[in-house]
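Listed below are the residues making up each chain.
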Amino acid sequence: MRRALAIALFVLPLAGLAAGALGSRYAGLPGGVFKSVLRYEDAKDGVRIAPFALMRRPVTNAEFLAFVRKHPQWQRGKVAPVFAEARYLSQWAGPVTPGSNALPDRPVVWVSWFAADAYCGSLGARLPTWNEWEYAAAADETRRDARQDPAWRERILGWYSRPSSTALPRVGLQAPNAWGVQDLHGLVWEWTEDASSLLVDSDNRTQGDPDKAKFCGAGALSMDDRENYAVMMRVAMLSSLDGDDATANMGFRCAWSAPR
């Protein structure tokens, strides 16, 4: 009974957590059984997702700037090479000066998985798992799962067709989806906690290193919905990167687990 009450408080108003800060920046999602686009051999009827909260918007340059000022080991030029490649925060004018190419309200990009993970950890949060991200991203403005709507799929593909050289718009321009989350599609790709464990093809001879991405959680993966091209593209992107990699269109947002 106590756990059920705690989850209800977490998912609905998110009240009383982090002195109210969690509720303003995060949206609560109830979880449940979710049919992923990925085929889990040990969860063919769907994966179970526990209640969690997800940042309503991706992390911005201004927010990441506050992080690197407080944690200078994550500043460009100071971060250990094993945690971030040479292009890390290369769009910023300086280690603590984003400049005109990285405006404060734009999503931070050119960040490695390790840096994103460290940022979320500094908040007492974490990166969302792939299943959590996909679950949240399945919603449109009115439906919690719009994935079978061809018009919804075409709209998302239209977003992905935008040239990557186009300047990133500010976060929050898109209408919130049914969960109250924005910018899950069409702004930036996003790191997930288990990004390095994803794979697109069940035959991992096509993946380069045959042992690099064999399992995710407890089950081997392959695509279960080959019509959902946008999600396939995202999985392919994530599965191609290492934790120290950084790209011009890879950002992130954080998640919280429900209290137990």
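Predicted model, so just to flag it, every value in this text is computed and none were measured.

What counts and what doesn't
- Residues numbered from 1 in each chain as written.
- Predicted model: local features only at pLDDT ≥ 70, side-chain atom pairs only at ≥ 80, totals over all residues.
- Heavy atoms only, no water.
- Helix = DSSP H or I, 4+ residues; strand = E, 2+ residues; numbered from the N terminus.
- Contact = heavy atoms within 4.5 Å.
- Areas by Shrake-Rupley, 256 points an atom, 1.4 Å probe, with all protein chains shown as cover.
- Buried < 20%, exposed > 50% of the residue type's maximum accessible area, 1.4 Å probe, protein only.
- Pairing = 2+ DSSP bridges.
- Disulfide = S-S within 2.5 Å.
- 1 Å grid on protein atoms, 1.4 Å probe; cavity = no way out; pocket = protein on both sides within 12 Å on 5 of 7 lines; lining within 4 Å.
- Points joined across faces, edges and corners; volume = space filled by probe spheres on them.
- Nonpolar A, V, L, I, M, F, W, Y, C, P; charged D, E, K, R; others polar.
- Salt bridge = Lys/Arg side-chain N within 4 Å of Asp/Glu carboxyl O.

## Considering the overall build of the protein chain
Stage number 1. Counting secondary structure elements, the protein chain contains 7 helices and 9 strands.
Stage number 2. Long-range pairs, those at least 24 residues apart, make up 71% of the contacts in the protein chain between residues at least 6 apart in sequence.
Stage number 3. Within the structure as shown, the protein chain displays about 12300 Å² of accessible surface, and the carbon and sulfur contribution to it stands at 55%.

## Section: the pairing of strand E1 (residues 26-29)
Stage number 1. Burial along E1 is two-sided: the face carrying Tyr-26 and Gly-28 and the face carrying Ala-27 and Leu-29 are both buried.
Stage number 2. As judged from the 4 bridges shared by E1 and strand E5 (residues 52-55), these two strands associate in the antiparallel manner. Residue pairing across strands places Gly-28 opposite Ala-53, the latter belonging to E5.

## Considerations on the side chain of Thr-60
Stage number 1. Tracing the chain through its elements places Thr-60 in the loop between E5 and helix H3 (61-70).
Stage number 2. Given the relative accessible area of 7%, Thr-60 is considered buried.
Stage number 3. Leaving out residues up to four positions away in the same chain, Thr-60 has contacts with Pro-104, Asp-105, Arg-106, Pro-107, Val-108 and Val-171.

## What about the state of the cysteines?
Stage number 1. Under the counting rule described, the total for this entry stands at 1 disulfide.
Stage number 2. In this model, Cys-120 is linked to Cys-254 through a disulfide, with the two sulfur atoms separated by 2.1 Å. Here the disulfide of Cys-120 and Cys-254 is left-handed, its torsion about the S-S bond being about -85°. A residue pair is termed long-range when its members are at least 10 positions apart, and Cys-120 in helix H4 (residues 113-122) and Cys-254 in the loop between strand E8 (250-251) and strand E9 (255-257) qualify at 134 residues.

## Here's the deal with H4
Stage number 1. Of the residues making up H4, those classed as buried are Trp-113, Ala-115, Ala-116, Ala-118, Tyr-119 and Cys-120.
Stage number 2. Looking one or two residues past H4, Gly-124 carries a phi angle of roughly 75°, positive in sign.

## Observations regarding empty space enclosed by the protein
Stage number 1. Within the structure shown, the criterion is met by 2 cavities of 30 Å³ or more.
Stage number 2. Empty space within the second largest cavity amounts to approximately 30 Å³.
Stage number 3. Lining the second largest cavity we find Glu-134, Ala-137, Ala-138, Arg-147, Trp-152, His-185 and Val-231.
Stage number 4. For the lining of the second largest cavity, the residue count by class is 4 nonpolar, 1 polar and 2 charged.

## Things to note about the pattern of salt bridges
Stage number 1. For the coordinates displayed, the defined rule picks out 10 salt bridges.
Stage number 2. Between Arg-143 and Asp-140 there is a salt bridge whose closest N-O contact spans 2.5 Å.
Stage number 3. Judged by relative accessible area, Arg-143 falls into the partly exposed class, the value being 34%.
Stage number 4. Between Arg-143 and Asp-149 there is a salt bridge whose closest N-O contact spans 2.8 Å.
Stage number 5. We classify Asp-149 as partly exposed; its relative accessible area is 22%.
Stage number 6. Taken together, the salt bridges that share partners define one network made up of Glu-134, Asp-145 and Arg-147.

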